[in-house]
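Structural characterization, general
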Amino acid sequence: MSLLAAEALSVSIAGQSVCRTLDFSVGAGECWGVLGANGTGKTTLLHTLAGLRSPDSGRILLDGTSLTHLGRRAIARRLGLMPQDNHDPFPATVLETALIGRHPWLGAWQWEGETDTTAAEAALDEVGLAELADRPVSTLSGGERRRLALATVLTQAPAVYVLDEPSNHLDLHHQVNLLALITRRAQETKGAVVMSLHDVNLADRFCDHLLLLFGDGQVCFGATADVLDETTLARLYGHPIRILSDGDRRAFLPV
């Protein structure tokens, strides 16, 4: 059984079609990348897959059960969403923010316990923020705030990670390290990742499957090695792309 699946899924926003009658499934250990030009609906699709908005038609299955039959707490225990932007309306420390990831696992009026704190501290350590645990979130840089958002999802410990542009604001070192971390976590726990990316090179390196959005409802999806070619990428981004290879790894360069 797939962890996350779409059946005859049609999604649109402001009169623009994102996808039409889309059928695809995400299996254990898989990492799916969602690629497309600005405005093609990557965020809209991810929010729909996470159950934050309703599709025009079709349905989304989480562990074989339609999202419409699951409560938000049940969904949050199995699926974690990392949004493209983070807003902090209330003052909080780095550790307190990471602990938000434990909320789906707590009962009404239940406070976080030692196990929850340990999970949050471990996640902060994994993203290189352990020494900043007591810092106010308001003092973080954009890249540090992005790493904290990932730590919060890691603290949540879902089976399915839905990440909206997780490499935003990150330097090269952290882009590679954090994408390696999340894909490794999914493989080790037999979970899965679905993430939108702008960098084709990162998508080729970390994603074994890709879903391409062309902005008119048409999509293309499949194994990364089969989907990424110069003709398809030129159509996707409206710009010619050249693929270079040294035999071990490919590089995608705008012409």
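Okay, so let's go over this structure.

Conventions we followed
- Residues numbered from 1 in each chain as written.
- Predicted model: local features only at pLDDT ≥ 70, side-chain atom pairs only at ≥ 80, totals over all residues.
- Heavy atoms only, no water.
- Axes fitted to C-alpha atoms, helices over the stretch in contact; angles between N-to-C directions.
- Helix = DSSP H or I, 4+ residues; strand = E, 2+ residues; numbered from the N terminus.
- Parallel < 35°, antiparallel > 145°, perpendicular 65-115°, else oblique.
- Left-handed = near helix turned anticlockwise from the far one by under 90°.
- Contact = heavy atoms within 4.5 Å.
- Nonpolar A, V, L, I, M, F, W, Y, C, P; charged D, E, K, R; others polar.
- Salt bridge = Lys/Arg side-chain N within 4 Å of Asp/Glu carboxyl O.
- Buried < 20%, exposed > 50% of the residue type's maximum accessible area, 1.4 Å probe, protein only.
- Expected span 1.5 Å × (residues − 1).
- Pairing = 2+ DSSP bridges.

1. Digging into the packing of helix α4 (residues 114-126) against helix α5 (residues 142-156)
Taken N-terminus to C-terminus, the directions of α4 and α5 make an angle of 140 degrees; their axes are 8 Å apart at the nearest point. Considered as vectors, α4 and α5 are oriented oblique to each other. Viewed along their axes, α4 and α5 form a crossing whose handedness is right-handed. Touching A119, A120, A123, L124 and E126 of α4 are L148, A151, L154 and T155, all from α5. Its residues placed into classes, the contact of α4 with α5 shows seven nonpolar, one polar and one charged.

2. Observations concerning the pattern of salt bridges
In total, this model carries six salt bridges according to the counting rule given. The partner of D63 in a salt bridge is R78, with the nearest N and O atoms 2.5 Å apart. Taken together, the positions of D63 in the loop between β4 (57-62) and β5 (65-66) and R78 in helix α2 (residues 72-78) put the pair 15 residues apart, joining distant regions of the chain. R78 gets classed as partly exposed once you look at its relative accessible area, which sits at 31%. Linking D116 and R102 is a salt bridge whose minimum nitrogen-to-oxygen distance equals 2.9 Å. Here D116 is found in helix α4, whereas its partner R102 is found in the loop between α3 (94-98) and α4, with 14 residues between them in sequence. Each member of the pair, D116 as well as R102, is classed as buried.

3. Remarks on helix α6 (residues 172-188)
Spanning 17 residues, α6 covers 24 Å between terminal C-alpha atoms, matching the ideal 24 Å at 1.5 Å per step. For α6, every residue scored as buried is listed here: H174, Q175, L178, L179, L181, I182, T183, R185 and A186. Taken from the residues just after α6, K190 is the one with a positive phi, measuring 60 degrees.

4. Some words on the sheet that holds strand β7 (residues 160-164)
What the six strands build is an open sheet, ordered β6-β7-β8-β3-β9-β10; its pairing is mixed. Both edges of this open sheet fall to β6 (79-82) and β10 (219-223), since each of them pairs with a single strand only. Taken over all neighbouring pairs, the strand axes of this sheet differ in orientation by 15 degrees on average, direction set aside. The pairing of strand β9 (residues 209-213) with β10 spans five bridges and is classified as antiparallel. Counterpart to L211 in the pairing with β10 is F221. Helix-sheet contacts for helix α1 (residues 42-49) involve β3 (31-35), β6, β7, β8 (192-196) and β9, and the interaxial angle to β7 is about 155 degrees. Packed onto the sheet, α5 meets β6 and β7 and runs at close to 175 degrees relative to β6.

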